[in-house]
Amino acid sequence: MKDIFRKKDIGKVLADAAAGYSDGEGGTGMHKTLGVRDLTAFGIAAIVGAGIFSTIGTASYDGGPGIILLFIFVAIACAFSAFCYAEFASMVPVSGSAYTYSYVAFGEIVAWIIGWDLLMEYAIGNIAVAISWSDYFTTMLDGFGLHLPEYITMDYWTAQTGASEAAQLAWAHAPALGSFKFICDLPALLITIIITAITFVGIKETRNSANMMVALKLGVIFLVMVLGSFYIKPENWSPFLPNGIAGVLKGTAAVFFAYIGFDAISTTAEECKNPQRDLPRGMIYALIICTIIYVLIALVLTGMVNYTKLNVGDPMAFVFKEVNLNWIAGVVAISAVIATASVMLVFQVGQPRIWMSMSRDGLLPKIFSRIHPRFKTPSFSTILTGFLVGIPALFLNLKVVIDLTSVGTLFAFVLVCGGVLRMSLYPHPPKSAFKTPYLNAAYFMPVILLAVVVLLWIYAPDTYANMLRFPEFSWQREYLDAVLHKIIYILFALLFVGLTVLSVWKKLSLIPVLGLLSCSYLLCESGVSNWSRFLLWLLVGVVIYFAYGYRNSKLSNPRS
């Protein structure tokens, strides 16, 4: 079984990258066109998406003006992971992101699991974004007096339930063949085709498109903040924490969703002019800029209207309607269309490059690493990604599985932070052009652990008793969910204590330790149902690994 933990040698990886990869079919290396500005724009394009136009409203409703504290907390948690991503990207400047990093840190089976996880994250994330883009697009067209028939703007199952007036209209007016009705989300398929075409023809075209979209949406956001500042009423910021810290933390999932995407930058390592210098800067700059934007937008929204009114799907448009600036709603709708398209663009770049990296290592068939001789992009993987996003987006209702994107992302963050800690324990750690700032966790972790214990004892005294108090046995789903929920938190508590002991013993670096802990906590908040679906997906991946990847791995067959 030790073969499944065989690792890639960093020296060999760097030598292959320096020599230039070949797919064996005439395709060689990819175009190196990306600089710090482009990578920062990619990060902003991926992060500033649907979250700022929708979920920020619900989060503000739950937490009040104090929601800015959660944006800052989640940004710090993401920054811990970003430092670890940056160190790995500088150490192993090749495509593959967390997949490649896990291969050199933990071994092949862990790399396969995280690679399989990232394929789910990007695919489901982009299907959800495509459907979201369709909703924004049809709303924008309605604002211009152009109405698309309902049966070509939603999925079959939503229309069949008839839960809304639009669904009832779609079901009533859809063309039919016998008892089957033709209902699908055509705009979602359309945007997938357009984005796939852009990413297929070259990284330069993708870069230019991303830069243009980022410039447009930042311009609109700046306009919203400036205009909105004239309508701020300071009394709306009081009370600052109307529902306490619990109300703020209630928006954790929504706020974290608003930060997903910066890790996709690392998949473009082979298309960077100087990846060891530029990738770390691009990630950190993007996080800083997006955090400032989120905090300012949250302050403007909660300052313009009372937080109790913000439980709406389009908070940025809503607040301007409240102050009789209805024309801004149209501008916001256009910006939302651009913002969601830019998110899709970056994710549609990331997934094919992970497939390409896994194929190079022999874990997937060679066709996945085929490079187009003219466009220098992973041609087959890009087209396949388009199909795997576009077809489901045409027909599926993904409300149940959208949260899988967050679970997959957090799992990747945990492994990357853990990977940096693992590499630091080597007798001779690999050299990296970027190093995560070192703070001796031995001095901080015992204090942090003690502070958490004391704060829980003061503000949540029943926590310790409830943790080990299980409900009366039952075969009901609610009982199983409650037990699994407790087990997850008990495991987190053990992880916290274990990392504290290891920090004192091995003098670990504080930033990756905090990154691992904060992302593990956010994983605990993801819900049992999402965990069960996630683990089922990983189980399918493990079966495929042993059926194909294990036997065809380049580490198993070096000459293959």
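Definitions and limits used
- Residues numbered from 1 in each chain as written.
- Predicted model: local features only at pLDDT ≥ 70, side-chain atom pairs only at ≥ 80, totals over all residues.
- Heavy atoms only, no water.
- Helix = DSSP H or I, 4+ residues; strand = E, 2+ residues; numbered from the N terminus.
- Buried < 20%, exposed > 50% of the residue type's maximum accessible area, 1.4 Å probe, protein only.
- Contact = heavy atoms within 4.5 Å.
- Areas by Shrake-Rupley, 256 points an atom, 1.4 Å probe, with all protein chains shown as cover.
- Patch = residues over 30% accessible without salt bridge, like charges linked within 9 Å, V, L, I, M, F, W, Y side chains within 5 Å.
- Salt bridge = Lys/Arg side-chain N within 4 Å of Asp/Glu carboxyl O.
- Expected span 1.5 Å × (residues − 1).
- Core = buried A, V, L, I, M, F, W, Y, C linked by side-chain atoms within 4.5 Å.
- Axes fitted to C-alpha atoms, helices over the stretch in contact; angles between N-to-C directions.
- Parallel < 35°, antiparallel > 145°, perpendicular 65-115°, else oblique.
- Left-handed = near helix turned anticlockwise from the far one by under 90°.
- Nonpolar A, V, L, I, M, F, W, Y, C, P; charged D, E, K, R; others polar.

Each helix and strand in the protein was counted, giving 22 helices and 2 strands. Split into buried and exposed, the 560 residues of the protein put 56% on the buried side. Summarising the internal contacts of the protein: among those between residues at least 6 apart in sequence, 82% fall at separations of at least 24. When the accessible area of the protein is evaluated, it comes to approximately 24,200 Å², of which 68% is carbon and sulfur surface.

A cluster of nonpolar side chains, contributed by Trp 157, Ile 383, Phe 387, Ile 391, Phe 395 and Leu 396, occupies part of the molecular surface with about 570 Å² of accessible area. The element best represented in the nonpolar patch is helix H16 (residues 379–395), accounting for 4 residues. Considering the arrangement of structural elements, one finds Trp 157 in helix H7 (residues 156–161). Exposure remark for Trp 157: the relative accessible area of 45% places this residue in the partly exposed category.

Between the first and last C-alpha of H16 there are 25 Å, a value that for 17 residues agrees with the 24 Å anticipated at 1.5 Å per step. Contacts from the buried residues of H16 go to helix H6 (108–143), helix H9 (186–201) and helix H15 (326–360).

Looking now at the nonpolar core. Counting residues in each nonpolar core, the largest one holds 161 residues, and the members touching the most others are Phe 71, Tyr 85, Phe 88, Tyr 259 and Ile 297. If we ignore the near neighbours within four places in the chain, the residues touching Tyr 85 are Ser 97, Ala 98, Tyr 101, Phe 262, Asp 263, Ser 266, Met 283, Ala 412, Phe 413 and Val 416. With 7 residues, the next largest nonpolar core counts Tyr 156, Ala 159, Ala 167 and Ala 174 among its residues.

The next subject is the pattern of salt bridges. Applying the stated criterion across every chain, the model contains 7 salt bridges. Between Glu 108 and Arg 6 there is a salt bridge, with its nearest N and O atoms 2.9 Å apart. With Glu 108 in helix H6 and Arg 6 in the segment before helix H1 (10–19), the pair connects residues that are 102 residues apart, well separated along the chain. Across the pair Glu 271 and Arg 353 runs a salt bridge whose closest N-O atoms are separated by 2.9 Å. Highlighted residues: Glu 271 in the loop between helix H12 (252–257) and helix H13 (275–304) and Arg 353 in helix H15, separated in sequence by 82 residues. The class for Glu 271 is buried, based on a relative accessible area of 0%.

Let's shift gears to the packing of helix H4 (residues 67–91) against helix H21 (residues 510–524). Running from amino to carboxyl end, H4 crosses H21 at an angle of 130°, the nearest separation of the two axes being 8 Å. When the axis of H4 is compared with that of H21, the two are oblique. For the pair H4 and H21, the sense of crossing is left-handed. Contact residues: Ala 77, Phe 80, Ser 81, Phe 83 and Cys 84 in H4; Ile 511, Pro 512, Leu 514, Gly 515, Ser 518 and Cys 519 in H21. Classifying every residue of the contact of H4 with H21 by side-chain character gives 8 nonpolar, 3 polar and no charged.

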